[in-house]
Amino acid sequence: MKFDLLIINGKLIDPAFGFSKKGDIGIKDGKIEKIYAPGKLTPKVISTFPKESILDANGAVVTPGLVDIHVHLREPGREDEETVVSGCESAAAGGFTSLCCMPNTQPAIDNQETVKFVTSLAENADCRVYCIGAITKNREGKELSEIGDLVKAGIVAISDDGDYVQNPDLMRRALEYARMFDLPVITHAEDEFLAAGGVMNESFQSTKLGMPGTPAVAEEIAVIRDIKLAGLTDSRLHVAHVSTVGGVEAIRRGKAEGVKVTAEAAPHHFTLTDDLIAERFDTNLRVNPPLRTEADRQAIIEGLIDGTIDCIATDHAPHTEEEKDTVFDEAPPGIIGLETSLGLAITELVGKGYLSLPDMLAKMSANPAHIMGLTSNKLQEGEIADLTIFNPDAAWIVKEKKFKSKCKNSPFVERKLKGKILVTIMNGRVTFRAK
Amino acid sequence: MKLSSRHLLQLEGVPKKDLELILDSAVSFREILDRPIKKVPPLRGKTVVNVFYEPSTRTRISFDLAEKRLSADTISFSASASSVKKGESLKDTVRNIEAMKIDMVVVRHRSPGVPYYLTQCLDANIINAGDGTHEHPTQGLLDIFTIRQKYKRIKGLRVLLVGDIKHSRVARSNIWGLKTLGASVAICGPTTLLPYEAERFGIDIYTDINEAMEGVDVVNILRIQLERQKAGLFPSQREYTNLFGISRERLKRLNKNFTIMHPGPMNRGVEITNDVADGPASVILDQVTNGQAVRMAVLYLLSGVDERDSSEDSE
Ligand SMILES: [Zn+2]
Ligand SMILES: [Zn+2]
């Protein structure tokens with residue numbers, strides 16, 4: 001057997017199937033051709049392969065490619081911030097082999113043409129790209145987009161991310177209509193009246209700084225409303241970037257009541273709190289939803305542990321240095337996240353004993369793939385070779401210069417993380433290799 | 001003696017000895033203001049720029065005079081007449097000014113944190129003249145100076161701030177400064193104008209003005225802005241005046257030898273009646289005079305001119 005790529009000595013973990021074992025993998029024509037049990041592939045056989053087609057994963061974990069279901073690629077419209085190609089490069093560097101991009105582009109992804117445009121740009125990129133279509137035309141929250149048409153063009157979910165669908169009746173119709181296609185509806189849960197003008201979490205920190213705050217209830221009320229509507233319509237709701245105690249509780253209750261609700265949390269929400277803002281007024285601490293309190297952070301970790309929060313998604317939101325180099329309340333909210341996500345999850349969740357490594361990996365690959373109905377992502381013979389190889393014990397320091405994203409707006413620059421991506425393989429092709 | 005920072009960005013976290021140094025220095029500058037010739041040389045050769053992105057005639061004049069009385073060269077820059085409208089960034093604007101070789105910047109801006117941001121862009125000493133609803137440290141200092149002038153102490157006094165605490169930079173600076181110096185502080189206002197979790201400042205919170213004034217030495221009355229009514233934060237000016245306006249009848253509950261303060265500009269008949277504003281306990285005009293002395297002290301101390309050692313990067 002001649003392989004295109006041979007991965008040897010790796011520890012294979014597939015969280016979806018619950019295994020963790022040593023083994024070697026032969027890849028051919030973009031597929032996992034053969035998985036060998038330890039010792040089956042003898043050094044003698046290995047020596048018959050050309051050196052450049054062998055990847056020694058000694059000490060590293062080989063796992064199905066990571067999936068990020070919440071990414072802002074900015075193309076079309078803001079190619080100065082990110083393009084499909086640069087975003088995919090950043091994703092590959094973070095160990096991702098699939099991503100879902102949000103429709104808040106200019107124009108919005110609310111029609112077949114834009115879906116096709118983005119998909120065509122992603123054809124030769126370093127990551128699989130699935131589009132999320134807009135719930136409403138031009139994301140204006142007024143009329144439903146042609147959701148059926150978007151489904152035909154290949155979208156995997158709908159969302160007006162960046163904005164909450166404020167009109168509850170319209171949201172009800174969106175959920176009802178999406179049920180026809182078994183399409184998840186992703187909510188950016190934020191009551192616009194309660195959140196109006198807020199630039200950070202409403203807390204003692206906002207009180208001290210005199211900054212207008214967004215209260216936690218702006219999220220809680222929005223989550224509760226949408227869970228009620230999902231229950232009413234028996235449709236699939238996915239809550240993006242949950243950030244509050246009350247948001248997590250509402251999802252937990254919804255699940256217990258049998259509502260088809262899933263949820264994601266962003267690494268910055270389980271890592272940082274709003275206490276940091278007073279130190280430096282760092283605009284890279286301005287995100288939406290905002291960094292909350294320690295109690296909220298703990299609630300998110302609790303939700304990740306008990307399964308209330310199904311997955312980790314970055315909400316990768318590039319903004320240029322020019323946009324972020326200003327005072328806090330004038331900077332656009334959002335930070336990049338693709339390249340620090342795994343490191344933060346390992347450091348903050350696995351390293352602190354909250355999640356086992358396989359459970360954490362499930363939240364970054366199997367679960368998000370399942371929510372979005374993506375099929376790749378299994379460590380099995382015959383499956384597409386989307387793989388992530390990382391060393392869970394290797395420490396590294398986040399360096400601004402090393403980001404592949406077009407933007408560097410990360411609050412984690414110079415932070416020491418554990419868990420380093422070594423190689424990312426998408427469709428049997430190496431899309432990233434650490435130097 | 002020297003301040004522990006080369007900027008004055010806020011009163012939160014400023015150590016007691018720094019506050020005392022500023023207040024003590026202000027005493028001698030206050031004496032200068034009573035002389036026939038009110039000008040002294042310490043800042044000769046230094047250039048101070050007043051960058052005001054928000055209209056504020058009072059604070060600007062006060063700083064400008066303080067600078068001139070210390071013999072500094074001053075330039076004033078206001079946003080309305082400038083490049084801000086053309087979209088030039090704050091950083092570029094200020095860097096342009098700094099390129100003209102200036103030593104200190106006094107800045108007023110609607111966004112919290114702007115003075116801190118400038119310390120990251122510039123080498124000059126930065127003085128916060130009000131950043132959004134964050135802090136207004138020289139106003140806090142002049143209020144404290146005025147109180148100390150009358151009582152010869154701060155420790156043990158009970159100070160009440162009345163009005164829109166939530167949107168008041170003056171309130172925040174007062175709270176931090178007074179608490180550091182050992183006063184007990186209380187706030188009173190409609191619940192919609194009290195900041196979230198304000199009790200964590202370590203202060204008493206009242207919504208009943210009569211209760212709040214019991215046993216108080218100093219009442220600092222903040223300006224009520226009509227926009228807050230439009231934003232739905234209180235129902236009407238009339239109701240505000242009924243519930244929180246300071247009139248002579250309400251003064252009975254205060255301690256003997258009480259003091260009435262107001263950072264100005266006053267809405268007479270709304271948050272304060274004429275007889276209170278102009279009554280014997282009012283130190284409102286002293287606050288204005290003292291503001292100059294305090295600002296002279298701050299400018300003087302931050303400029304580091306008196307230091308033999310010119311390396312002043314002790315942050
Ligand atoms: Zn969002
Ligand atoms: Zn987003």
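Refer to the structure printed above.
Residues numbered from 1 in each chain as written. Chains lettered and ligands numbered in written order. Predicted model: local features only at pLDDT ≥ 70, side-chain atom pairs only at ≥ 80, totals over all residues. Heavy atoms only, no water.

**Structural notes on the pattern of salt bridges**
Residue and element names in this part refer to chain A.
Thinking step 1. By the definition in use, this model includes 37 salt bridges over all chains.
Thinking step 2. Lys-137 serves as the salt-bridge partner of Glu-143, at 3.2 Å between the closest nitrogen and oxygen.
Thinking step 3. Taking the relative accessible area as the measure of exposure, Glu-143 reaches 47% and is therefore partly exposed.
Thinking step 4. Residues participating in the shared-partner salt-bridge network are Arg-74, Arg-78, Asp-80, Glu-81 and Glu-323. (Salt bridge = Lys/Arg side-chain N within 4 Å of Asp/Glu carboxyl O. Buried < 20%, exposed > 50% of the residue type's maximum accessible area, 1.4 Å probe, protein only.)

**Details of the coordination of the zinc ion (ligand 1)**
All names here are of chain A.
Thinking step 1. Looking at the zinc ion (ligand 1), one finds its protein donor set to be Asp-161 (OD), His-188 (ND1) and His-241 (NE2), positioned 1.9 to 2.1 Å from the metal centre.
Thinking step 2. The sequence pattern formed by the donor residues of the zinc ion (ligand 1) is D-x26-H-x52-H.
Thinking step 3. Separating the zinc ion (ligand 1) from the zinc ion (ligand 2) is a distance of 3.5 Å, and Asp-161 supplies a donor atom to each of them. You can see Asp-161 sitting in the loop between strand 9 (157–159) and helix 5 (168–179) and its partner His-188 sitting in the loop between strand 10 (185–187) and helix 6 (192–195), a full 27 residues away along the chain. Here the two residues Asp-161 and His-188 agree in accessibility, since each one is buried. (Donors = N, O, S within 2.8 Å, 3.2 Å for Na, K, Ca; no water. Helix = DSSP H or I, 4+ residues; strand = E, 2+ residues; numbered from the N terminus.)

**Topic: the interface of chain A and chain B**
Thinking step 1. Every contact between the two is made by 16 residues of chain A and, on the other side, 21 residues of chain B.
Thinking step 2. A buried area of about 1700 Å², summed over both sides, lies between chain A and chain B, and 55% of it is on carbon and sulfur atoms.
Thinking step 3. Broken down residue by residue, the surface that chain A buries against chain B is led by Phe204(A), Thr207(A) and Lys208(A), which jointly contribute 34%.
Thinking step 4. In this structure, the connection of chain A to chain B is made through three salt bridges.
Thinking step 5. For Lys91(B), the salt bridge goes to Asp325(A), with nearest N and O atoms at 2.5 Å.
Thinking step 6. If you look at where chain A meets chain B, you find nine residue pairs in polar contact (both at pLDDT 80 or more).
Thinking step 7. Sorting elements by how many residues they give to the side of chain A that touches chain B places helix 7 (residues 204–209) of chain A first, with four residues. (Contact = heavy atoms within 4.5 Å. Buried area = accessible area lost by both parts, 1.4 Å probe. Polar contact = N/O pair within 3.5 Å; in protein donor to acceptor, adjacent residues only side chain to side chain.)

In short, shape yes, function no, at least from these values alone.
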